[in-house]
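Structure assessment
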2 protein chains.
Amino acid sequence: MSVFIASDHAGFELKSYLQTQFNLLDLGTHDKESCDYPIFAKRLAVRLKNDDKGILICGTGIGMSIAANRFKNIRAALCFNEEMAALARQHNDANIIVLGARIISQETAKNCVEKFLSTDFEGGRHQRRLELIEG
Amino acid sequence: MSVFIASDHAGFELKSYLQTQFNLLDLGTHDKESCDYPIFAKRLAVRLKNDDKGILICGTGIGMSIAANRFKNIRAALCFNEEMAALARQHNDANIIVLGARIISQETAKNCVEKFLSTDFEGGRHQRRLELIEG
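Residues numbered from 1 in each chain as written. Chains lettered and ligands numbered in written order. Predicted model: local features only at pLDDT ≥ 70, side-chain atom pairs only at ≥ 80, totals over all residues.

A word on the packing of helix α4 (residues 82-90) of chain A against helix α5 (residues 106-118) of chain A
Residues and elements named next belong to chain A. For clarity, the threshold we go by: Lines fitted to the C-alpha atoms define the axes, with helices restricted to the stretch that makes contact. Angles between their N-to-C directions range from 0 to 180 degrees. Secondary structure elements follow DSSP: runs of H or I no shorter than four residues count as helices, runs of E no shorter than two count as strands, and numbering proceeds from the N terminus. We call two directions roughly parallel when the angle between them is under 35 degrees, roughly antiparallel when it is over 145, roughly perpendicular when it lies between 65 and 115, and oblique otherwise. Each helix crossing is assigned a hand: it is left-handed if the near helix lies turned anticlockwise from the far helix by less than a right angle, otherwise right-handed if that turn is clockwise. Whether two residues are in contact is decided by their C-beta atoms, placed from the backbone, lying within 7 Å. Ten residue types, Ala, Val, Leu, Ile, Met, Phe, Trp, Tyr, Cys and Pro, are classed as nonpolar, four, Asp, Glu, Lys and Arg, as charged, and the remainder, Gly among them, as polar.
The geometry of α4 relative to α5 is characterised by a closest axis approach of 8 Å and an angle of 25° between their N-to-C directions. In terms of their interaxial angle, α4 and α5 are classed as roughly parallel. Like other packed secondary-structure pairs, α4 and α5 cross with a definite hand, here right-handed. Of the residues in α5, those touching α4 at Glu 82, Ala 85, Ala 86, Ala 88 and Arg 89 are Asn 111, Cys 112, Lys 115 and Phe 116. Taken together, the residues that form the contact of α4 with α5 break down as 5 nonpolar, 1 polar and 3 charged.

Here it is in structure tokens:
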């Protein structure tokens, strides 16, 4: 399982911090110059295979969440606490966690990613719902 | 402009409360019996025309957010405070606000919806990004 990370300029600082805490494959952006989040959402979404996971960051997380969920088999979950990060895996089998750099602290972001990467999907009735999403 | 609302069973109680506060067109669910959120996300997404807005509710908001953003021209924003609800309109021109019934209080939900319905899109560089999402 590979874990990819990408952000826009608003998320660059939080992305840099998370790279010091986890082993992540960096897909940009590479500085604080203004850029367009949909480009980075797509760049990451198309790279995910099988059990790979992704982390996307923008100011609120809303833009990344809209852009990433356009892609089939991508389930991008905007989370702002550990409980959501756990439920995103347990109930939604999310393969991308989305974080809002203006919304949560670095520490909360780190805890969310930790929980996200260490929690399994529960299946059952939740699997039926995932199939409805793609249907 | 019409404002539609839909939820799964986990969001039924918050949906009922919001119906006492705003003039909303109710697309279900109509009780607390377990149901599948993607059905309600789709039911609402396909009803939105022009300036119509929508409110979707599930336990965390994550499932509704994934399911709704599968649809072209739907921009569904999971919000947990008024600042996000304002930015969802200003920067993302979101036409659906998504709420997590297990995550925020009724009062916060009401304030988010109020802000969402009364804030305009800023356009400019944000318009270019929306076009990239659909491109």
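Picking up where we left off.
Some remarks on the environment of Gln 19 of chain B
All names here are of chain B. Inspection of the secondary structure assignment puts Gln 19 in helix α1 (residues 12-21). For the pair Gln 19 and Ile 5, spaced 14 residues apart in the sequence, the C-alpha separation amounts to 8.5 Å. Aside from chain neighbours lying at most four places away, what touches Gln 19 is Ile 5, Leu 24 and Asp 26.

Description of the relation of the copies chain B and chain A
Convention followed: Least-squares superposition aligns the copies on the C-alpha atoms of those residues with pLDDT at or above 70 in both.
Structural alignment of chain B on chain A gives an RMSD of 0.0 Å, achieved by rotating through 180° and translating 0.0 Å along the axis. The transformation relating the two chain copies, once decomposed into turn and shift, fits a two-fold axis. For chain B, the smallest separation between a C-alpha atom and the rotation axis is recorded for Arg 70 of chain B, amounting to 2.4 Å. Same-surface contact between copies: 100% of interface residues of chain B are shared with the interface of chain A.

Things to note about the confidence of the model for chain A
The condition that has to hold: pLDDT runs from 0 to 100 and stands for how confident the predictor is about each residue.
Predicted confidence across chain A gives a mean pLDDT of 97, with 100% of residues reaching 70 or more. Model confidence for the complex: the whole-complex pTM is 0.97, and ipTM, which rates the interface, is 0.96.

A word on the pairing of strand β5 (residues 96-100) of chain A
Residues and elements named next belong to chain A. Rule in force here: Three classes are used. A residue is buried when 20 or more other C-beta atoms lie within 10 Å of its own, exposed when 12 or fewer do, and partly exposed in between, with C-beta atoms placed from the backbone. Strands are treated as partners if at least two bridges between them are detected by DSSP. Here a crossover is taken to be right-handed if, once the strands point away from the viewer, the path from the first strand over the helix to the second is traced clockwise.
With 5 of its 5 residues buried, β5 lies for the most part within the structure. Neither face of β5 is left uncovered, since the one carrying Ile 96, Val 98 and Gly 100 and the one carrying Ile 97 and Leu 99 both have all their residues buried. Where strand β3 (residues 53-58) meets β5, 5 bridges bridge the pair, whose relative direction is parallel. Following the sheet pairing, Cys 58 is matched in β5 by Gly 100. Across 3 bridges, strand β4 (residues 76-78) lies against β5 in parallel orientation. Following the sheet pairing, Leu 78 is matched in β5 by Val 98. Handedness of the crossover joining β4 and β5 through α4: right-handed.

Side note on the packing of helix α6 (residues 125-134) of chain A against helix α2 (residues 37-45) of chain B
Put simply, α6 of chain A and α2 of chain B touch, their axes get as near as 8 Å, and they point 25° apart. Judged on the interaxial angle alone, α2 of chain B and α6 of chain A are roughly parallel. Residues Arg 129, Leu 132 and Ile 133 of chain A of α6 of chain A form the contact with α2 of chain B, whose participating residues are Tyr 37, Pro 38 and Ile 39 of chain B. Class assignment of the residues belonging to the contact of α6 of chain A with α2 of chain B gives a composition of 5 nonpolar, no polar and 1 charged.

With respect to the pairing of strand β1 (residues 3-7) of chain B
Residue and element names in this part refer to chain B. Here 5 bridges tie β1 to strand β3 (residues 53-58), and the two strands are oriented parallel to one another. In the strand pairing of β3, Ser 7 is matched with Ile 57. Note: β1 against strand β2 (residues 25-26), 2 bridges, orientation parallel. Each bridged residue has a counterpart across the sheet, and for Ile 5 the counterpart in β2 is Asp 26. The parallel pair β1 and β2 is bridged by α1, and the resulting crossover is right-handed.

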